[in-house]
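Coordinate inspection notes
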Amino acid sequence: MTATPPASAPAPVRHYLQFTDLSADDYAHVLSRAAEIKRKFKAYEKYHPLADRTLAMIFEKASTRTRVSFEAGMYQLGGSVVHLTTGDSQLGRSEPIEDSARVISRMTDIVMIRTFGQDKIERFASHSRVPVINGLTNEFHPCQILADIFTFIEHRGSIAGKVVAWVGDGNNMANTWLQAAELLDFTVHLSTPSGYEVDQAVAGLRSSASYKIFKDPQDACRGADLVTTDVWTSMGYEAENEARKKAFANWCVDEAMMQAAKPDALFMHCLPAHRGEEVSAEVIDGPQSVVWDEAENRMHVQKALMEFLLLGRVTA
Ligand code: CP
Ligand code: NVA
């Protein structure tokens, strides 16, 4: 016989470890909350739903945008922040991740982690009493894609049915775009150099129905509504830098690629960018680029995400 849980049983903790951790319906809610929370911020309206709540941020890799957007965002919601890095905590002295999770989640209300393997954040989450958010792993960067989709919607409306061209590495950003395409009904045109392809199993996809592979990056851009790329060498892969520079030489988003896309195509890059490598200065600093909106929107969408994970479907 299955035991009936007591009426007062706490709601199960929801984590955000990959893009598929929220449903399409959850995204509709979070994206609309992000727009409202952004409006309040621009109007200097105080909004403190997370008063007395604490966010722990754990960084095992460098960051500018993720750190500032989570920290500023949590203060703006009335909460506070604890910042830990591998170098200044016991995480760097081999304390097991499971023990760190048990301890940190007894003292804080929500945790954001930037680390290496996805397995590490999953182990942390499975021992955490509070929601855990992926602030980037080798495999995924869901907060970034959430911001990118919000930015696309702000500029062009719904992303359903649209074409996103991914030019470059089959990395954490590419994997997350593919998860988003499957969930939110758009198509990704993927062009990666040989040896740097996306691995469908690592990306956690159900099928190959929502993406198409192109050898030539210019062909991937043809007819796209959005062209996007990322650094040739992600954090943690620095030893491969010289080999990657050679392999990726033809995967620079330039004006010719943007001309192959739709005339009103947007350009996005999660940043930091290397002008003259994965993107030309003319493109990233040009009229189709929305990279600064994209960076700012990290903060608005993450505020909506934290509100959702801690308070559920708020409508105020
Ligand atoms: N895009 C992004 O995550 O930037 P940071 O590495 O600066 O956090
Ligand atoms: N793919 C890049 C994204 C940086 C925000 C990296 O993992 O380093």
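Numbers given for residues are sequential positions, taken from 1 along each chain in its written order. Ligands are numbered from 1 and chains lettered from A, in the order in which they are written. The predicted origin of the model limits local features to residues at a pLDDT of at least 70 and limits the giving and counting of side-chain atom pairs to 80 or more, whereas totals for whole chains, interfaces and linings rest on all residues. Values shown for side chains rest on all heavy atoms present in the structure; no hydrogens or waters enter the calculation.

1. Overview of the side chain of Asp26
Worth spelling out the cut-off: Under the DSSP-based scheme used, a helix requires at least four consecutive residues in state H or I and a strand at least two consecutive residues in state E, with every element numbered from the N terminus. Each residue is assigned to one of three classes by its accessible area relative to the maximum for its type, calculated with a 1.4 Å probe on protein chains only: buried under 20%, partly exposed between the two thresholds, exposed over 50%. Polar contacts, as counted here, are pairs of nitrogen or oxygen atoms within 3.5 Å of one another; within protein the pair requires one atom able to donate a hydrogen and one able to accept it, and residues that are adjacent in sequence qualify only if both atoms are side-chain atoms. Between two residues, a contact is recorded if the distance between any of their heavy atoms is within 4.5 Å.
Structurally, Asp26 is set in helix α1 (residues 24–42). Assessed through its relative accessible area of 5%, Asp26 is described here as buried. A polar side-chain atom of Asp26 sits 2.8 Å from a polar atom in the side chain of Arg14. The residues contacting Asp26, other than those within four sequence positions of it, are Arg14, Phe308 and Arg313.

2. Focus: the site of ligand 1
This is how it is decided: Here, proximity means that at least one heavy atom of the residue falls within 4 Å of the molecule or strand. To measure how exposed things are, a 1.4 Å probe is used in the Shrake-Rupley method; for residues, cover is taken only from the protein chains shown. Throughout this entry, Asp, Glu, Lys and Arg are counted as charged residues, while Ala, Val, Leu, Ile, Met, Phe, Trp, Tyr, Cys and Pro are counted as nonpolar. The remaining residues, Gly among them, count as polar.
In the vicinity of ligand 1, the contacting residues are Ser63, Thr64, Arg65, Thr66, Arg114, His141, Gln144, Cys270, Leu271 and Arg298. Within the contact set of ligand 1, a nitrogen atom lies 3.0 Å away from a side-chain nitrogen or oxygen of Gln144. Contacts to ligand 1 include Leu271, whose backbone N or O atom sits 2.9 Å from a nitrogen atom. Contact with the protein chains removes 95% of the 260 Å² of surface that ligand 1 exposes when unbound. By residue class, the composition of the shell around ligand 1 is two nonpolar, five polar and three charged.

3. What to know about the packing of α1 against helix α5 (residues 142–156)
When two helices pack together, their arrangement is given by the angle between their axes and by how far apart the axes lie. Heads up, the condition is: The axes are straight lines fitted to the C-alpha atoms, using for helices just the contacting stretch, and the angles between their N-to-C directions are given from 0 to 180°. Working rule for angles: under 35 degrees goes down as roughly parallel, over 145 as roughly antiparallel, 65 to 115 as roughly perpendicular, anything else as oblique.
Running from N to C, α1 and α5 cross one another at 70 degrees; their axes reach a closest spacing of 11 Å. It follows from the interaxial angle that α1 and α5 lie roughly perpendicular. Residue-level inspection shows Tyr27, Val30, Leu31, Ala34, Ala35 and Lys38 of α1 in contact with α5, the latter providing Leu146, Ile149, Phe150, Ile153 and Glu154. Of the residues assigned to the contact of α1 with α5, the class counts are nine nonpolar, no polar and two charged.

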